[in-house]
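Residue strings, one per chain:
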Amino acid sequence: MAEPFALLLTVYGGDRADHVREAFRSAVDAQTRRPDQVILVQDGPVSAELADRLAELTKESPVPVTFLPLEHNGGLGLALDAGLAASRHDVVARMDADDIAMPHRFAVQLPVIERGADLVGAGMLEFGTGRDDIVGSRTPVSEPDYIARYARLHDPFNHPTIVYRRTAVLAAGGYGHMPLMEDYWLFARMIASGATVVNLPEPLVYYRVGEGAYERRGGLVLLRAELRLQRELLRSGFTTPAQYLRNVSVRGGYRLTPSWIRRPLYRRFVAPRGEQRTSPVEETSER
């Protein structure tokens, strides 16, 4: 039986009004299975242009919009927790404010949730200037047993593609305040708590790769966020001391690598990870 669901989208002052409009329309108007509620969270002050666009989208939306303006920019995790609290439905789909959902995205993902999954992710196509400018892909790991193992080293899900049950998210403690790593921290806790998680290798979202995208994946700010995450994963028992040391060395080293080196490393080892690590044969050979 078809279950109602909410779409959770957050915006902040750094988002472009035209990108927000395209993201919203793709995830609402253009969907073959539309959400029953849109939760639009404004994370702190925004420009007059963006404020006007949010008002326009709220007014013209074909489905009801719950607009939630937050006085201060508290970060993505806190904004998402506020949005989850405003959901009228247990099933919630995530959408970033500068990406584009494929028209069949929810028609593909919702049946998987309705069959018993607590969290469903999918693949993404990375694009540059437009959807005809595909520059890469991010195929997630999809072997059920391997998702939990892989999560000890990498985030196994593409956050902009996620659909989940709010009850499962809240049972794991919600997003909380883990700047720049809030999604990975949530997914690790959901896995640890026994949530049923699924990844669909099929790309269902166009992921915008703008100027400076690879630079933002590194630097001291990301390194500090990475080290904080790794400490929490170790403290919670999700990773072992040996895994912690490996992660600090590998992931921490990646954050400090110059962007001109980090970009080809990302393309070679991160973006195609699902294609390399989803077959039972390869999984067995790695044990």
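So, how was this worked out
- Residues numbered from 1 in each chain as written.
- Predicted model: local features only at pLDDT ≥ 70, side-chain atom pairs only at ≥ 80, totals over all residues.
- Heavy atoms only, no water.
- Axes fitted to C-alpha atoms, helices over the stretch in contact; angles between N-to-C directions.
- Helix = DSSP H or I, 4+ residues; strand = E, 2+ residues; numbered from the N terminus.
- Parallel < 35°, antiparallel > 145°, perpendicular 65-115°, else oblique.
- Contact = heavy atoms within 4.5 Å.
- Nonpolar A, V, L, I, M, F, W, Y, C, P; charged D, E, K, R; others polar.
- Core = buried A, V, L, I, M, F, W, Y, C linked by side-chain atoms within 4.5 Å.
- Buried < 20%, exposed > 50% of the residue type's maximum accessible area, 1.4 Å probe, protein only.
- Salt bridge = Lys/Arg side-chain N within 4 Å of Asp/Glu carboxyl O.

Things to note about the packing of helix 7 (residues 182-192) against helix 8 (residues 220-235)
Put simply, helix 7 and helix 8 touch, their axes get as near as 10 Å, and they point 10 degrees apart. Here helix 7 lies roughly parallel to helix 8, going by the angle between them. Contact with helix 7, carried on its side by Tyr-184, Trp-185 and Ala-188, involves Leu-229, Glu-232 and Leu-233 of helix 8 and no other residues of that element. Across the contact of helix 7 with helix 8, the residue classes break down as 5 nonpolar, no polar and 1 charged.

Section: the nonpolar core
The biggest cluster of nonpolar side chains holds 37 residues, and the ones touching the most others in it are Leu-8, Leu-119, Phe-157, Tyr-164, Leu-186 and Met-190. Secondary-structure elements contributing two or more residues to this core are strand 1 (5-11), strand 2 (37-43), helix 3 (76-85), helix 5 (144-150), helix 6 (166-171), helix 7 and helix 8. Counting 33 residues, the second-largest nonpolar core is a separate cluster that includes Ala-97, Leu-110, Val-112 and Leu-200.

Quick word on the pattern of salt bridges
By the definition in use, this model includes 13 salt bridges. Residue Arg-94 is joined to Asp-96 by a salt bridge in which the shortest nitrogen-to-oxygen separation is 2.6 Å. The same class applies to Arg-94 as to Asp-96, namely buried. Between Glu-232 and Arg-235 there is a salt bridge, and its shortest N-O distance comes to 2.5 Å. Here Glu-232 pairs with Arg-235, and both are found in helix 8, just 3 residues apart, close to one helical turn. Here Glu-232 falls in the partly exposed class, since its relative accessible area comes to 24%. Overall, Arg-235 belongs to the exposed group, its relative accessible area being 59%. Put simply, Arg-21, Arg-25, Asp-29, Arg-53, Glu-56 and Glu-60 are held in one network by salt bridges that share partners.

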